[in-house]
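Residue-level listing of the chains:
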Amino acid sequence: MSQKTILVTGSSRGIGKAIALRLAREGYDMVVHCRNRLTEAADVCNEITQMGRQCRVLSFDLADRSAALLSLEADMQTHGAYYGVVCNAGISRDNAFPAMSPDDWDQVLRCNLDGFYNVLNPVVMPMVQRRKPGRIVTLSSVSGLMGNRGQVNYSAAKAGIIGASKALAIELAKRKITVNCVAPGLIETDMLEGLPVEEIVATIPARRLGTPDEVAALVAFLMSEDAAYITRQVISVNGGLC
Ligand code: NDP
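This report concerns the structure included in the present document. Not measured: the values here are computed from a predicted model. (Residues numbered from 1 in each chain as written. Predicted model: local features only at pLDDT ≥ 70, side-chain atom pairs only at ≥ 80, totals over all residues. Heavy atoms only, no water.)

**Considerations on the packing of helix 1 (residues 14–25) against helix 8 (residues 212–223)**
- Relative to each other, helix 1 and helix 8 sit at 50°, their axes nearing to 8 Å. When the axes of helix 1 and helix 8 are compared, the pair comes out oblique. Helix 1 and helix 8 meet at a crossing whose hand is right-handed. Contacts from Gly14, Ile15, Ala18, Ile19, Arg22 and Leu23 in helix 1 reach Pro212, Asp213, Val215, Ala216, Ala217, Val219, Ala220 and Met223 in helix 8.
- Each residue belonging to the contact of helix 1 with helix 8 can be placed in one class, and the counts come to 11 nonpolar, one polar and two charged. (Axes fitted to C-alpha atoms, helices over the stretch in contact; angles between N-to-C directions. Helix = DSSP H or I, 4+ residues; strand = E, 2+ residues; numbered from the N terminus. Parallel < 35°, antiparallel > 145°, perpendicular 65-115°, else oblique. Left-handed = near helix turned anticlockwise from the far one by under 90°. Contact = heavy atoms within 4.5 Å. Nonpolar A, V, L, I, M, F, W, Y, C, P; charged D, E, K, R; others polar.)

Spelled out as structure tokens, the structure:
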């Protein structure tokens, strides 16, 4: 395989970490990204270099447009454009809508939805200029497809990511760059802290939570050459939840 590099946002832990490790095992060089957990990100990076792959760490707040731009431009200037990007990093701040603070709304929209623009806008043109196939995968959620109680902010952001991904897929299709959206159900990560997990599991047809590795396996397929004709799609990994 000619050497291809993939950036995975939010790959210091959870689903993003599983994606970065899986893609490294598939033979890609990796760019691990986090907001501020640099030790965890460095550990992921070390695991990847031990597999014989190149890896480096970027850290910036997805909601900070100029920090994202500076960091991504500097990285691409040194190492070249990416083959693939996984827009994985995200947060939730749940509350019943009447009690949802302006800050809960703003933080979730800025990180999840503005994050799409802040990361992809600087990297897309360099990807096009590689004049080779490329891959973009975004992370939505079952909440973006169905809506979910207590998650008006998160559902809005994740539905927005679906629309944005589909529109970008149309713009990039003839450049051989695919854009697909993965919509996980309930996956065992830090994000589930404080949720009534047992109650939720009872509503999942598979009667269990998903694992980060199960999401990573789908992302790895979407990154592969075999997935060249799959674009503008939303693919769920949710144990039959919807
Ligand atoms: P985690 O909370 O386990 O990890 C979040 C990751 O995103 C961390 O690497 C964190 O960096 C990074 N991050 C968070 N906020 C920012 C920010 N403002 N700027 C930069 N990086 C940030 O999340 P999950 O692994 O559970 O979720 C990954 C994605 O999957 C998210 O988009 C989430 O919405 C989506 N998803 C998750 C589901 C689940 O059940 N877990 C279900 C459906 C969708 P740091 O470590 O430095 O804080």
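Here the narrative resumes.
**Concerning helix 3 (residues 65–79)**
- When the terminal C-alpha atoms of helix 3 are compared, their 21 Å separation across 15 residues agrees well with the 21 Å that a helix rising 1.5 Å per residue should span.
- Those residues of helix 3 lying buried are Ala68, Ser71, Leu72, Asp75 and Met76. End-on view of helix 3: buried residues confined to an arc of 125°, all on one side of the axis. Residues of helix 3 that are exposed and angled more than 90 degrees away from the buried face: Leu70, Gln77 and Thr78.
- Check the buried side of helix 3 and you find it contacts strand 1 (5–8), strand 2 (29–34), strand 3 (55–59) and helix 4 (102–129).
- Phi turns positive, to about 95°, at Gly80, one or two residues after helix 3. (Expected span 1.5 Å × (residues − 1). Buried < 20%, exposed > 50% of the residue type's maximum accessible area, 1.4 Å probe, protein only. Arc of directions from axis to C-beta.)

**Let's talk about the site of the ligand**
- Looking at the ligand, there are 32 residues lining it, with Ser12, Arg13, Asn88, Tyr154 and Thr189 nearest.
- In this structure, an oxygen atom belonging to the ligand sits 2.6 Å away from a main-chain N or O atom of Asn88.
- One of the side-chain nitrogen or oxygen atoms of Lys158 is found 2.8 Å away from an oxygen atom of the ligand.
- Taking 910 Å² as the accessible area of the ligand by itself, protein coverage stands at 97%. (Near = heavy atom within 4 Å. Polar contact = N/O pair within 3.5 Å; in protein donor to acceptor, adjacent residues only side chain to side chain. Areas by Shrake-Rupley, 256 points an atom, 1.4 Å probe, with all protein chains shown as cover.)

**Notes on the sheet that holds strand 1**
- The seven strands lie next to each other as 3-2-1-4-5-6-7, forming an open sheet whose pairing is parallel. A single partner strand is all that each edge strand has here, and the edge strands are strand 3 and strand 7 (234–237). Averaged over all pairs of adjacent strands, the angle between their axes in this sheet comes to 20°, without regard to strand direction.
- With three bridges connecting them, strand 1 and strand 4 (residues 84–87) associate as parallel partners. (Pairing = 2+ DSSP bridges.)

**Focus: the pattern of salt bridges**
- Taken as a whole and judged by the stated rule, the model has eight salt bridges.
- For Arg53, the salt bridge identified is with Asp29, shortest N-O distance 3.3 Å. Taken as a pair, Arg53 in the loop between helix 2 (38–50) and strand 3 and Asp29 in strand 2 lie far apart in primary sequence, 24 residues in all.
- In this structure, Arg37 engages Glu40 in a salt bridge whose closest nitrogen and oxygen atoms are separated by 4.0 Å.
- The exposure class of Arg37 is partly exposed, given its relative accessible area of 37%. (Salt bridge = Lys/Arg side-chain N within 4 Å of Asp/Glu carboxyl O.)

**Concerning the nonpolar core**
- Formed by 32 residues in total, the largest nonpolar core has its most connected members in Ile6, Leu23, Met30, Ile48, Val86, Val182 and Met223.
- Of all the secondary structure elements, the ones that give two or more residues to this core are strand 1, helix 1, strand 2, helix 2, strand 5 (134–139) and helix 8.
- Grouped together as the second largest cluster of nonpolar side chains are 31 residues, Leu7, Leu109, Cys111 and Ile177 included. (Core = buried A, V, L, I, M, F, W, Y, C linked by side-chain atoms within 4.5 Å.)

None of this, on its own, says anything about what the molecule does.
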